[in-house]
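# Structure assessment
These are the residues of each chain, in order.
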Amino acid sequence: MITHCISTHNNLPYLKLAVQSVRTHSYWKDAPFVIHAENCTDGTNEWLAKNAGKLGIEYHIENDGDRENQRGIGGGIDLCVSQVKTEFVNILHSDFWVGPNQDIELLK
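A brief report on the enclosed structure follows. Throughout this description, residue numbers start from 1 for each chain and increase along the sequence as written. In keeping with the predicted nature of the model, local features appear solely for residues at pLDDT of at least 70, side-chain atom pairs appear and are counted solely at 80 or more, and the whole-chain, interface and lining totals rest on all residues. As a rule here, side-chain values cover all heavy atoms of the structure and leave hydrogens and water aside.

### Quick notes on the nonpolar core
Just so we agree on the cut-off: Buried Ala, Val, Leu, Ile, Met, Phe, Trp, Tyr and Cys residues that are joined via side-chain atoms within 4.5 Å together make up what is termed a nonpolar core. Think of it in three bands: with a 1.4 Å probe and only protein chains considered, a residue is buried below 20% of the maximum accessible area for its type, exposed above 50%, and partly exposed in between. Helix and strand assignments come from DSSP, with helices taken as H or I runs of at least 4 residues and strands as E runs of at least 2, each series counted from the N terminus. Note on contacts: a residue pair is in contact if any heavy atoms of the two residues lie within 4.5 Å.
Residues I6, V19, F33, I35, W47 and I57 are the most contacted members of the largest nonpolar core, which totals 17 residues. Of all the secondary structure elements, the ones that give two or more residues to this core are α1 (12–25), β2 (33–38) and α2 (44–55). Discounting residues that sit within four places of it in the chain, I57 has contacts with V19, F33, I35, L48 and A52.

Set out below in structure tokens:
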């Protein structure tokens, strides 16, 4: 199986579409999902808290305004990947749309 990972910052409308596409089009509909949200002020944190259980998402929220200690997209993905328990990882951006069976095709 594969774990889907996303790092995001203030991209909630597209994040919702990305998660929906993964849950709708993946071969493994219940594959683990890890999302890192950093310094979001657009409702992302609240949306994750409200929908994580329903969508099977493990999430990590960081709200550190200190720019010197921010992870950024690369550091956010590193955090997500460090939480993965499956053999394979699918690194996505929060504005990606996943087509049918993208996960199993990726593994091929």
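### Details of the pattern of salt bridges
To be explicit about the condition: Salt-bridge detection follows one rule: a side-chain nitrogen of Lys or Arg within 4 Å of a carboxyl oxygen of Asp or Glu.
Applying the stated rule across the entire model yields one salt bridge. Between E105 and K108 there is a salt bridge, with its nearest N and O atoms 3.1 Å apart. Here K108 falls in the exposed class, since its relative accessible area comes to 72%.

### Remarks on the packing of α1 against α2
The cut-off we apply is this: A fitted line through C-alpha atoms represents every axis, and for helices the fit uses only the stretch in contact; the resulting angles, taken between N-to-C directions, go from 0 to 180 degrees. Any angle that falls under 35 degrees is termed roughly parallel, while one over 145 is termed roughly antiparallel, one within 65 to 115 roughly perpendicular, and all others oblique. Crossing handedness is read from the near helix: turned anticlockwise from the far helix by less than a right angle, it gives a left-handed crossing, and turned clockwise, a right-handed one. Each residue receives one of three labels: charged for Asp, Glu, Lys and Arg, nonpolar for Ala, Val, Leu, Ile, Met, Phe, Trp, Tyr, Cys and Pro, and polar for the others, Gly being one of them.
α2 packs onto α1 with a crossing angle of 10 degrees between their chain directions and a minimal axis gap of 11 Å. Classified by the angle between their axes, α1 and α2 sit roughly parallel to one another. As α1 packs across α2, the resulting crossing turns out to be right-handed. Note on element contacts: α2 touches α1 through T44, W47 and L55, opposite L12, L15, K16, V19 and R23. Of the residues belonging to the contact of α1 with α2, the class tally is five nonpolar, one polar and two charged.

### As for the sheet that holds strand β3 (residues 57–62)
Keep this limit in mind: Pairs of strands are assigned from DSSP output, requiring at least two bridges between the strands.
Strand order in the open sheet formed by four strands is β3-β2-β1-β4, and the pairing between neighbours is parallel. At either margin of the open sheet sits one strand with a lone partner, and together these are β3 and β4 (88–93). Direction aside, the axes of adjacent strands within the sheet are offset by 20 degrees on average. Contacting β1 (2–8), β2, β3 and β4, α1 runs over the sheet at an angle of about 175 degrees to β2. Each of β1, β2 and β3 is contacted by α2, which is oriented at about 160 degrees to β3, the strand it contacts most.

### Section: unusual backbone geometry
Its identity is not glycine, yet N39 carries a phi of approximately 50 degrees, on the positive side. Residue placement: N39 occurs in the loop between β2 and α2. Of the residues examined, N39 reaches a relative accessible area of 16% and is grouped as buried. The phi dihedral of N101 is positive, around 60 degrees, even though this residue is not glycine. Looking at the secondary structure, you find N101 in the loop between β4 and α4 (102–107).

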